[in-house]
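One-letter residues, chain by chain:
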Amino acid sequence: MPPDSPIARVRKVRPWLLLIVGGVAVALLPWTAYLSATLPSEHLANHWDIAWAGLDALEAAALVLLFIAVVRRSSFVPMFAAVAGTALVCDAWFDVMTAGTGRSMRWAIIEALVAEIPLAALCFWLAFEVSEAIGLSAATGAASAAAPRPTSPQDSPEADPKLVRRAGSEAPSAGRTSR
C-alpha cells in the first residue's frame, strides 16, 4: 500500500480518531443526563415550520441520492442509505415525541411504525448488504471498492518457461476417459 494512500493516512490518525470519538461519547453521557434534568418539558419554538420542512427535505434528498446511487451501482450506496435511514429514524422520533395527545399521537405512532421505521430498516439493511457486497465491511478492513483494478494481465504459464507443460508431462489419466 502506498504511504500516501487514504487508508495509510487513516491508519496514522486512527489512535487520535478513536480518542476523539471515544471522548465525545463519554462526555455526552453526563451532558445528556444534565439536559434531561434541566430542560423544560414544553418549549415554544421559533421557525417550527422551517425545521420540519428542512428535516423532510433532508430525507427526500437522501432518498433521491440513494436512488441515483443504486441505479448507477455507485460505491456511495452505503453512505446515502445510512444517511437516509438516520434521517428517517430522527423524523419518526421527533414526530412521536412532539405530537400532542390523542389523535395526533396515534397518527405519529402509526406513521412511524408503518412508514418511517420500516423504510429506515430497509435503508440500513441496504447499507450493510451493499458494503458487504463491495467489500467495505469493517470485518474485511477493505478500504474502497472503487480502488483501481490491476491493468496488467495476470502472469500466464507461457510467460514462465518452467511452468510450460512439456511432452509427456500430462496427468496419468490424460487421453483416457472414466466410465
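Please refer to the structure higher up on the page.
Figured I'd write up the structure that's included with this text. (Residues numbered from 1 in each chain as written. Predicted model: local features only at pLDDT ≥ 70, side-chain atom pairs only at ≥ 80, totals over all residues. Heavy atoms only, no water.)

Further remarks concern the overall build of the chain. Across its full length, the chain carries four helices and zero strands. Mapped from its N terminus to its C terminus, the chain presents α and β elements in the order α-α-α-α. Out of the 179 residues in the chain, the part that is buried amounts to 17%. Long-range pairs, those at least 24 residues apart, make up 55% of the contacts in the chain between residues at least 6 apart in sequence. As displayed, the chain has an accessible area near 14,300 Å², and 67% of this comes from carbon and sulfur atoms. (Helix = DSSP H or I, 4+ residues; strand = E, 2+ residues; numbered from the N terminus. Buried < 20%, exposed > 50% of the residue type's maximum accessible area, 1.4 Å probe, protein only. Contact = heavy atoms within 4.5 Å. Areas by Shrake-Rupley, 256 points an atom, 1.4 Å probe, with all protein chains shown as cover.)

Summary: where empty space remains is shown by rolling a probe the size of a single water molecule over the atoms. Its boundaries defined by the atoms lining it, the largest pocket holds a volume of some 520 Å³. Along its surface, the largest pocket is lined by Leu39, Pro40, Ser41, Glu42, His43, Ala45, Trp93, Phe94, Met97 and Thr98. (1 Å grid on protein atoms, 1.4 Å probe; cavity = no way out; pocket = protein on both sides within 12 Å on 5 of 7 lines; lining within 4 Å. Points joined across faces, edges and corners; volume = space filled by probe spheres on them.)

Attention now moves to the packing of aromatic side chains. Evaluated as defined, the whole model comprises three aromatic pairs. On the numbers, 5.7 Å between centres and 75 degrees between planes, the contact of Trp48 with Trp52 is edge-to-face. Placement of both Trp48 and Trp52 in helix 2 (residues 48–71) is noted, with a separation of four residues, approximately one turn of the helix. Using a relative accessible area of 19% as the deciding quantity, one classes Trp52 as buried. For the ring pair Phe76 and Phe80, a centre distance of 6.2 Å and an interplane angle of 45 degrees mean the geometry is tilted. By relative accessible area, which is 18% here, Phe80 ends up buried. (Phe/Tyr/Trp six-rings, centres within 6.5 Å; stacked < 30°, edge-to-face > 60°.)

Bringing the nonpolar core into the picture now. Counting 12 residues, the largest nonpolar core consists of Ala62, Leu66, Ala69, Val77, Phe80, Ala81, Ala84, Leu88, Ala120, Cys123, Ala127 and Val130. Among the secondary structure elements, those contributing two or more residues to this core are helix 2, helix 3 (77–98) and helix 4 (103–133). Look past the residues within four positions of Leu88 in its chain and what remains in contact with it is Glu59, Glu116, Leu119, Ala120 and Cys123. (Core = buried A, V, L, I, M, F, W, Y, C linked by side-chain atoms within 4.5 Å.)

The next subject is the environment of Ala87. With respect to the helices and strands, the residue Ala87 is situated in helix 3. Using a relative accessible area of 4% as the deciding quantity, one classes Ala87 as buried. Between the C-alpha atom of Ala87 and that of Leu63, which follows or precedes it by 24 residues, the distance is 9.7 Å. Apart from residues no more than four positions distant in its own chain, Ala87 is found in contact with Leu55, Leu58 and Glu59.

Helix 4 packs onto helix 3 with a crossing angle of 165 degrees between their chain directions and a minimal axis gap of 8 Å. For the element pair helix 3 / helix 4, the angle class is roughly antiparallel. The handedness of the crossing between helix 3 and helix 4 comes out as left-handed. Class assignment for the residues of the contact of helix 3 with helix 4 results in 21 nonpolar, three polar and four charged. (Axes fitted to C-alpha atoms, helices over the stretch in contact; angles between N-to-C directions. Parallel < 35°, antiparallel > 145°, perpendicular 65-115°, else oblique. Left-handed = near helix turned anticlockwise from the far one by under 90°. Nonpolar A, V, L, I, M, F, W, Y, C, P; charged D, E, K, R; others polar.)

This part is about helix 2. Since there are 3.6 residues in each turn of an α-helix, residues three or four apart along the chain are aligned in direction. Here helix 2 is 24 residues long and its end C-alpha atoms lie 35 Å apart, about the 34 Å a rise of 1.5 Å per residue gives. Along helix 2, the positions that sit buried rather than exposed are Trp52, Leu55, Glu59, Ala62, Leu66 and Ala69. On the buried face of helix 2, the contacting elements are helix 3 and helix 4. A positive phi of about 55 degrees marks Arg73, the residue just after helix 2. (Expected span 1.5 Å × (residues − 1).)

Along its 31 residues, helix 4 runs 43 Å from first to last C-alpha, staying within 8% of the 45 Å computed at 1.5 Å per residue. Along its length, helix 4 reaches its greatest deviation from straightness, about 45 degrees, at Ala112. (Bend = angle between axes of the 7 residues up to and from the residue.)

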